[in-house]
Amino acid sequence: MPVVVVESPAKAKTINKYLGPDYTVLASYGHVRDLPPKDGSVDPEHDFEMKWEVGVDSRKHIKAIADALKDDNALILATDPDREGEAISWHLEEALRKRKVIKKDTPVSRVVFNAITKSAVTEAMQNPREVDAPLVEAYLARRALDYLVGFNLSPVLWRKLPGARSAGRVQSVCLRLIVEREMEIEAFKPREYWSVKAVLGTPRGQDYEARLTVLAGKKLDKYDIENETQAELAVQAINSRDLTVNSVEAKPASRNPAPPFMTSTLQQEASRKFGMGARQTMSAAQRLYEAGLITYMRTDGIDMAPEAVHAARDAIADRYGKEYVPASPRMYKNKAKNAQEAHECIRPTDMTRDAAAIKVADPDQRKLYDLIWKRTLACQMEAARMERTTVEIGSADGQVGLRATGQVMLFDGFMRVYEEGRDDAVVDDDDKRLPQIMQGEAADKRSVNPEQHFTQPPPRYTEATLVKRMEELGIGRPSTYASIVTTIQDREYVRKDKNRLIPEDKGRIVTIFLLNFFRKYVGYEFTANLEEELDVISAGEADYKKVLADFWRDFSAAIAETSELRITEVLDVLDDALAPTLYPPREDGKDPRECPLCGEGNLHLKTSRTGGFVGCSRYPECRYTRPIGGDANDAGDRVLGEDAGDEISLRSGRFGPYVQRGEATEDNKKPPRASLPKGWAPDDMDLEKALMLLNLPREIGPHPEDGEMVEAGIGRYGPYVKHGRVYANIKEVDEVFTIGMNRAVEELAKKTARGAGRGAAAKPLKELGEHPQEGGAVNVMDGRYGPYVKWNKVNATLPKDVEPADVTMDMAVELIAEKAAKKGKGRKTAKKSA
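Residues numbered from 1 in each chain as written. Predicted model: local features only at pLDDT ≥ 70, side-chain atom pairs only at ≥ 80, totals over all residues. Heavy atoms only, no water.

(A) Unusual backbone geometry, seen in detail. A cis geometry characterises the amide bond from Leu696 onward to Pro697, with omega recorded as 0°. With respect to the helices and strands, Pro697 occurs in the loop between helix H18 (687-694) and strand S25 (698-702). Positive phi, normally seen in glycine, also occurs at Lys100, with a value near 60°. Structurally, Lys100 is set in the loop between helix H3 (83-98) and strand S8 (108-110). Given the relative accessible area of 71%, Lys100 is considered exposed. Located in the positive-phi region is Glu492, a residue other than glycine, with phi close to 65°. Within the element layout of this structure, Glu492 appears in the loop between helix H13 (481-490) and strand S16 (494-497). Taking relative accessible area as the criterion, Glu492 reaches 44% and is therefore assigned partly exposed. (Helix = DSSP H or I, 4+ residues; strand = E, 2+ residues; numbered from the N terminus. Buried < 20%, exposed > 50% of the residue type's maximum accessible area, 1.4 Å probe, protein only.)

(B) Representation of the pattern of salt bridges. Counted under the stated rule, the structure contains 49 salt bridges. For Arg553, the salt bridge goes to Asp554, with nearest N and O atoms at 3.9 Å. For Asp554, a relative accessible area of 33% corresponds to the partly exposed category. One continuous salt-bridge network, built from bridges that share partners, spans Lys520, Lys546, Asp550, Arg553 and Asp554. (Salt bridge = Lys/Arg side-chain N within 4 Å of Asp/Glu carboxyl O.)

(C) Molecular detail of the sheet that holds strand S27 (residues 718-723). Ordered by their spatial adjacency, four strands build an open sheet running S25-S26-S27-S28, and the pairing between neighbours is antiparallel. The sheet is open, and its two edges are formed by S25 and strand S28 (726-729), each paired on a single side. Between one strand and the next, the sheet's axes are offset by a mean angle of 25°, whatever the strand orientation. Of the pairings in the sheet, the one linking S25 to strand S26 (residues 709-715) comprises four bridges and is antiparallel in character. Within S26, the position partnered with Gly701 by the bridge is Val710. Those strands touched by helix H19 (residues 741-754) are S25, S26, S27 and S28, and its axis lies near 105° from that of S28. (Pairing = 2+ DSSP bridges. Axes fitted to C-alpha atoms, helices over the stretch in contact; angles between N-to-C directions. Contact = heavy atoms within 4.5 Å.)

(D) The arrangement of the packing of aromatic side chains in detail. With the rule as written, the count across this model stands at 18 aromatic pairs. Ring centres of Trp52 and Tyr139 lie 6.2 Å apart, and the angle between their planes is 15°; this geometry places the pair in the stacked category. Of the two residues, Trp52 is situated in the loop between strand S5 (49-50) and strand S6 (53-54) and Tyr139 in helix H5 (residues 133-160); the sequence distance between them amounts to 87 residues. Like Tyr139, Trp52 is buried. Where Phe513 meets Phe517, the ring centres are 5.0 Å apart and the plane angle is 40°; that geometry is what we call tilted. Residue Phe513 and its partner Phe517 are located together in helix H14 (residues 505-517), separated by four residues, close to a single helical turn. The same class applies to Phe513 as to Phe517, namely buried. Of the aromatic side chains, those joined through ring pairs into one cluster are Phe513, Phe517, Phe518, Tyr521, Phe526, Phe551, Trp552 and Phe555. Here the basic side chain of Arg33 rests over the ring of Trp90, its NZ or CZ set 5.4 Å away from the ring centre. The cationic tip of Arg176 hangs over the ring face of Tyr524; the distance from NZ or CZ to the ring centre is 4.1 Å. (Phe/Tyr/Trp six-rings, centres within 6.5 Å; stacked < 30°, edge-to-face > 60°. Lys NZ or Arg CZ within 6 Å of the ring centre and 35° of its normal.)

Printed below as a string of structure tokens:
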């Protein structure tokens, strides 16, 4: 009875169902060995020897496999069909050989299947092979490279940049993409431009919209109308002329479906359609794969098995009719250079099963399966056919020309099932339907309207667009996309806001540091070339130790050179590199580096545990700071006035704008401060508003019932009123300064009625008194599942035909005794000691 080893218990359960009782199927629970996180795990001095360690949790799983092999002298490694899966199989074999569990006569074979179905598993068992050595070597090279970068570069970061967490070979390049996009956005200068649209009418009284395309006899480009004056002149030019329809042209058009999913496109589409992160998507896909519902989910491939193509075509004909099936199957070719991760596309294992037909309760898995099923069917369906109409309207003198466009769907084709999402909303005038318009007829002007526009900065990356960009640059692989995107968020280099990735200050500092001192190693081309070298290793065409030696020679020299630099030298380099961002020209013409608070010190980049910030050189006399991403030209840091001899100032901190009373001194290291509430703009701040914030909490007056003071303030959960230990939230920040006693008491009473917290005691429906034998109150209570008798920790549900008002003490004691007896043989109600 051979022992079959897979990664997860879910996969083991599905495979066991297909293999039957002749096999013992066990799970390794992922990787069983890893490089210990300490120096020396990869030794460049001794031919890059790698010291592996079995994880604490993995020991019991290896023992279970070893125990099974004592009875069954045959091992079949059936881990996933990619580089990681091959590595797990290799680690398992090595670990078991070290334990001397695998004997000379123990047959060890490797089987792979792209889908966990009976036919795929049976076929794989009939075609065993050995562990793929080149694939394992590619894995070893990747792990060694990641270790050498992480364990040599991270300590340099810790010493030179307090607050930096760590650096990674691919993560740092990914972080660079996000930081550079943010710098593009900050440097972006919007450009004004105008468009002119007219609502025109046909002689039959129907309206349609047309946009201005020709002015003064010349074709207009997007930015030709630069300002309102030019736009008004364009409007006058249209209004002063009669317009005629010069031509009406209808052209057939078609739209083909998107190819089936591979890892990156699945992550992108799940992000667009459901807002799911890369890790969340891959976790749901893993469960679907292990349940035998979809093919393997880590792939660069978009080709589909011939039998799957035929099954899809049959399913389309059955569901939607033969007119939706193209004459010949659609064939998709792999773009991936690396064959080892170019498995078949991600598709359902059974094309006839839609989301309603599968037994899956988890909403993420259900949504993802529905997406995969629809995309797979759509990719084998007929194209959508449309008719696009273009109408050219002009004046007799040729000075003015307008264009109207419209589209009519003739046959929906694949769009009946699925339409690919877009990363950013696109306004498309072509989708409108035009009324009947005839060439040569007059176009009656109903209205002519100019519209102002501004060019937009490039959008911040979402997880989907970041994965797409990484794929375009050749950075990372399907098996690594999700972990890369997740790691930079876990390290707090990047945060996610409304699905967009925004770099934190420490992420910026780390990126600028790496760009200045390790530029080659965060280069897009260098990283992509290294990925290609790993692919060449996996194809068995390169020596992985030579690739490691070439990398280490230059990298170790760069580490040694940077290690000797002092922190001040590093900060000077970074300050100069960031100068255009940190110190743009000031609107008042003063030196951009002059401290706006004291006017004497110079601004300079500084570091802290939370990242980098800009501070005054006169610290601690002047404590001016602003975040790296803060606007140097905003109304921000300024003195608002004086109160009781103290200077009241508005300042920018690392956590946003705040007001402060006085300056920090040796005697008063933390002067009173108050953050600006949400919705309060720094530009609108004056002395009166600052004092309102600094004087919080505000005393409303003594409570009418007990005379204790009622207060209003702003806390970590927003504005509130407080009486004793009871806090009640109020809706608006401004109410903190205006709320009166009547309203405050009303809000506090509402909170008390709801219960001051989860621990608030429920009121009994009927109080029966003390338990006659044991003591302790016996009450009838109202519960989620109906009324019940409560005594100490015993809850006994009332019979359905008994009303709470009819319960007597005798009846209650009997119910309690029955319930206590059911609570386990050894659990009896404790008698009170005398």
